[in-house]
Amino acid sequence: MRYLRPAAALLHPDELAVDQVLLLDEERRIQAWMAPEDCPATAIIEEFPDEIWAAAPRLLHAHLESYDAPSADWPRSNFAEWAAALLQWRIEGQGCLSAENAAAASLRELHARGCGFVLASTSEQGAAQVHAPDGLVLESWPELFEPDPAQAEACMARFLADFPKVRGVALHAPFSVSPELARLACDWASAPGRYLSIHLGEHEDERTLLAEHSGPLAELMRLRGR
């Protein structure tokens, strides 16, 4: 057993424990938090007086593909310009990492920065096959992207056939998923033990498109035949 004492530990969002000792077993699993006076007399307490500890962050809607996209050079005046640059880069596909290698690189960087759990929404097959580094828990849900209402049932049928045991599904942004497909996904996720992840209006361009069917993102969708 190891006995570790930081200056403080954030046990819950509203509970900061001061002068508590963390008890770890041989497998580095947490057994208990305890007051120093409750530790065995033979315990060797390792001191970390300048540190405040918290649970590792959880990233609950990650896109792990396109790790090497040169986004620092892309226009940033609005989301639609950024999205157009990403789409063009993916279409050209020259010298970019495979989906699997890009996802692995993303996970390595998240792990190096202390992330403990990632829920990934994956739209490319290779990204779904990647394994997380030790110490990082990964759960991968397929992402549905199909704006054509006539293809809603076929898209849902492919999802059910390809992922019979998955416990969650992700919908892409509302402008790229038809209401028919959204209803099918919500019906599937209504069963106990199933979950649904969805983009909402994250950017001003998205909110304008959803509310008014106009703006730079609406124009981008029209240019791409959506």
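Above: the structure in question.
Presented here is a report on the structure given in the accompanying data block. (Residues numbered from 1 in each chain as written. Predicted model: local features only at pLDDT ≥ 70, side-chain atom pairs only at ≥ 80, totals over all residues. Heavy atoms only, no water.)

### A closer look at the pairing of strand E7 (residues 117–122)
We apply this condition: Relative accessible area decides the class of each residue, using a 1.4 Å probe on protein chains only: under 20% of the type maximum gives buried, over 50% gives exposed, and in between gives partly exposed. Counting from the N terminus, the helices are DSSP H or I runs at least four residues long and the strands are E runs at least two residues long. Any two strands with at least two DSSP bridges between them are considered paired.
Of all six residues making up E7, six are buried, and the element is well covered by its neighbours. Side chains Phe117, Leu119 and Ser121 project from E7 onto one buried face, and the interleaved Val118, Ala120 and Thr122 project onto a second face that is buried too. Judged from the three bridges that link them, strand E6 (residues 58–62) and E7 form a sheet pairing that is parallel. From the neighbouring strand, Arg58 faces E7, where its bridge partner is Phe117. With six bridges joining them, E7 and strand E8 (residues 137–144) adopt parallel strand pairing. Bridge pairing links Thr122 to Pro142 in E8.

### Quick look at the packing of helix H4 (residues 152–162) against helix H5 (residues 179–189)
Helix packing geometry: the angle between the two helix axes and the distance between the axes. Test applied: In this analysis, axes come from line fits to C-alpha atoms, helices being fitted only over the stretch in contact, and the angle between any two N-to-C directions falls in the range 0 to 180 degrees. Crossings are sorted by hand: turned counterclockwise from the far helix by less than a right angle, the near helix makes the crossing left-handed, and turned clockwise it makes it right-handed. For this analysis, residues touch if any pair of their heavy atoms sits within 4.5 Å. Under the scheme applied here, ten amino acids are nonpolar (Ala, Val, Leu, Ile, Met, Phe, Trp, Tyr, Cys and Pro), four are charged (Asp, Glu, Lys and Arg), and all others, including Gly, are polar.
Put simply, H4 and H5 touch, their axes get as near as 8 Å, and they point 35 degrees apart. The way H4 lies across H5 gives a crossing that is right-handed. Listed contacts from H5 to Ala152, Glu153, Cys155, Met156, Phe159 and Leu160 of H4 are Glu180, Leu181, Leu184, Ala185 and Trp188. Class assignment for the residues of the contact of H4 with H5 results in nine nonpolar, no polar and two charged.

### Thoughts on unusual backbone geometry
You will see that Arg28, though not glycine, has its phi angle at about 65 degrees, which is positive. According to the relative accessible area criterion, Arg28 is exposed, its value standing at 71%. In this structure, His213 takes a positive phi of about 55 degrees despite not being glycine. Relative to the assigned elements, His213 resides in the loop between helix H6 (204–212) and helix H7 (216–223).

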